[in-house]
Amino acid sequence: MAAAAAAADAGSDPSAALAAAAAATSTCAHCQREIPSSNIDLHSAHCARNLQKCEHCGEMVARKLMDEHFNESHAPVNCTLCKEIVTREIWDLHKSEQCPQRIVACEYCEFELPAVELHEHQDVCGNRTEFCQTCKKYVRLREWIGHEIQCHANANANANASAQTSSARIIPEREVRPPPPVRPPRPMHGAQHKRLLFTIAVTGIAVMIGSILFQREESF
Ligand SMILES: [Zn+2]
Ligand SMILES: [Zn+2]
Ligand SMILES: [Zn+2]
Ligand SMILES: [Zn+2]
Ligand SMILES: [Zn+2]
């Protein structure tokens with residue numbers, strides 16, 4: 001009687017029946033996933049027919065999308081900037097930090113150029129000077145940050161200290177900072193410079209050839 005009552009209860013309570021079915025699972029031999037036992041036959045047939053384990057990452061991929069998956073996830077990448085072929089594992093690193101042709105900005109003038117030219121450019125660019133309004137002297141751009149930390153921090157500390165010793169009650173006047181130095185418009189950059197030299201050279205050669213031809217014609 002009790003068993004019949006329990007069965008009747010389960011029958012009348014659909015959520016209990018669902019919970020019981022969901023609790024029973026079987027492992028699919030093909031994809032090793034836990035599948036509800038009631039679905040396992042259907043799943044296994046579908047799984048074996050349509051899915052394939054990727055030999056590179058172990059992911060189950062639809063058989064017909066395997067080529068696409070390989071190209072998107074595992075194939076080496078041909079870097080369009082440096083023309084190098086890069087493995088997928090280091091592709092992100094290559095793009096963001098290692099490609100010699102990736103575009104980076106000069107820390108002094110913010111001009112954008114290939115990373116391989118940055119060192120040479122910054123060597124020249126950082127040697128330019130700007131006038132420091134606070135100290136009334138010219139400071140090299142490469143020394144600017146150090147200069148601000150050393151000279152200006154000390155100056156501020158001294159100003160505050162003397163203000164505090166003279167009268168602790170009076171709030172020291174805030175130092176009015178000069179506006180940030182105005183950067184000159186784009187300075188001559190390596191690439192532009194080379195292009196200009198090239199133009200001059202080509203023009204020079206053209207003039208030379210012209211004068212030689214002219215002389216020949218005259219001598220006849
Ligand atoms: Zn499966
Ligand atoms: Zn894969
Ligand atoms: Zn590259
Ligand atoms: Zn620069
Ligand atoms: Zn200064």
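Just so you know, these numbers come straight off a predicted model, no measurement behind them. (Residues numbered from 1 in each chain as written. Chains lettered and ligands numbered in written order. Predicted model: local features only at pLDDT ≥ 70, side-chain atom pairs only at ≥ 80, totals over all residues. Heavy atoms only, no water.)

Asks: I'd like to hear about the overall build of the protein, residue by residue, with values.
Replies: Helix and strand counts for the protein stand at eight helices and 10 strands. Counting only residues that meet the buried cut, the protein has 19% of its 220 residues in that class. Nonlocal contacts in the protein, meaning residues at least 24 apart in sequence, comprise 12% of its contacts between residues at least 6 apart. Summing over all exposed atoms, the protein offers an accessible surface of approximately 16,900 Å²; the carbon and sulfur share of this is 58%. (Helix = DSSP H or I, 4+ residues; strand = E, 2+ residues; numbered from the N terminus. Buried < 20%, exposed > 50% of the residue type's maximum accessible area, 1.4 Å probe, protein only. Contact = heavy atoms within 4.5 Å. Areas by Shrake-Rupley, 256 points an atom, 1.4 Å probe, with all protein chains shown as cover.)

Asks: Outline the pattern of salt bridges, supporting the account with residue identities and numerical values.
Replies: According to the stated counting rule, one finds one salt bridge in the structure shown. The partner of D92 in a salt bridge is K95, and the shortest N-O contact between them spans 3.8 Å. Of this pair, D92 and K95 are both found in helix 5 (residues 91-98), three residues apart, which corresponds to roughly one turn of the helix. (Salt bridge = Lys/Arg side-chain N within 4 Å of Asp/Glu carboxyl O.)

Asks: Help me get a handle on the coordination of the zinc ion (ligand 3), residues and values and all.
Replies: By definition of the ideal shapes, four donors in a tetrahedron about a metal sit 109.5 degrees apart, and six donors in an octahedron sit 90 or 180 degrees apart. The protein atoms donating to the zinc ion (ligand 3) are C79 (SG), C82 (SG), H94 (NE2) and C99 (SG), with metal-donor distances spanning 2.1 to 2.3 Å. For the zinc ion (ligand 3), the four donor atoms are set out with angles of 105 to 114 degrees between them, so the coordination reads as tetrahedral. Sequence positions of the residues that donate to the zinc ion (ligand 3) give the spacing C-x2-C-x11-H-x4-C. You can see C79 sitting in the loop between strand 5 (77-78) and strand 6 (85-86) and its partner H94 sitting in helix 5, a full 15 residues away along the chain. H94 matches C79 in its accessibility class, with the two residues each being buried. (Donors = N, O, S within 2.8 Å, 3.2 Å for Na, K, Ca; no water. Tetrahedral: all angles 85-135°; square planar, octahedral: opposite > 155°, others 65-115°.)

Asks: Go over the nonpolar core, please, and point to the residues and values.
Replies: In this structure, V104, C106, Y108, F111, L113, A115, L118, C125 and L141 together form the largest nonpolar core, which totals nine residues. Sorting elements by how many residues they give to this core places helix 6 (residues 115-125) first, with three residues. For V104, the contacting residues outside a window of four places in its chain are F111, E112, L113, P114, A115 and L118. (Core = buried A, V, L, I, M, F, W, Y, C linked by side-chain atoms within 4.5 Å.)

Asks: Tell me about the coordination of the zinc ion (ligand 1), and name the residues and values.
Replies: For the zinc ion (ligand 1), the full set of protein donor atoms is C28 (SG), C31 (SG), H43 (NE2) and C47 (SG), and the range of their distances to it is 2.1 to 2.3 Å. Taken together, the four donor atoms coordinating the zinc ion (ligand 1) and their angles of 105 to 115 degrees define a geometry best described as tetrahedral. Positions of the donor residues of the zinc ion (ligand 1), expressed as sequence spacing, correspond to C-x2-C-x11-H-x3-C. Of this pair, C31 sits in the loop between strand 1 (25-27) and strand 2 (34-36) while H43 sits in helix 3 (residues 40-50), and the two are 12 residues apart along the sequence. Assigned by exposure class, C31 and H43 land together as buried.

Asks: So, the environment of Q98: which residues are in play, and what are the values?
Replies: Along the chain, Q98 falls in helix 5. Distance in space between the C-alpha atoms of Q98 and A115 is 8.8 Å, their sequence separation being 17 residues. Those residues within four positions of Q98 in sequence are excluded, and the remaining contacts are I90 and L93.

Asks: How would you explain the environment of N39 if you had to name every residue and give the values?
Replies: As for its placement among the helices and strands, N39 is situated in the loop between strand 2 and helix 3. Taking the relative accessible area as the measure of exposure, N39 reaches 40% and is therefore partly exposed. Residues N39 and S26, spaced 13 residues apart in sequence, show a C-alpha to C-alpha distance of 9.0 Å.

Asks: Pulling in residues and values, what's your account of helix 6?
Replies: Within the sequence span of helix 6, burial applies to A115, L118, H121, Q122 and C125. The buried residues of helix 6 occupy one face: seen down the axis, they fall within an arc of 100 degrees. Counted as exposed and oriented over 90 degrees from the buried face of helix 6: V116, H119, E120 and V124. Its buried side turned inward, helix 6 meets strand 7 (103-105) and strand 8 (112-114). (Arc of directions from axis to C-beta.)

Asks: Quick one: what's the story with the UniProt feature "domain: TRAFD1/XAF1 zinc finger" (unreviewed entry) in the protein, residue by residue and with numbers?
Replies: Feature annotation in UniProt assigns "domain: TRAFD1/XAF1 zinc finger" (unreviewed entry) to the following positions: residues 115-151. Across residues 115-151, helical content stands at 51% and strand content at 22%; the span's end C-alpha atoms are separated by 32 Å. (UniProt positions renumbered as here; feature names shortened; annotations may be inferred.)

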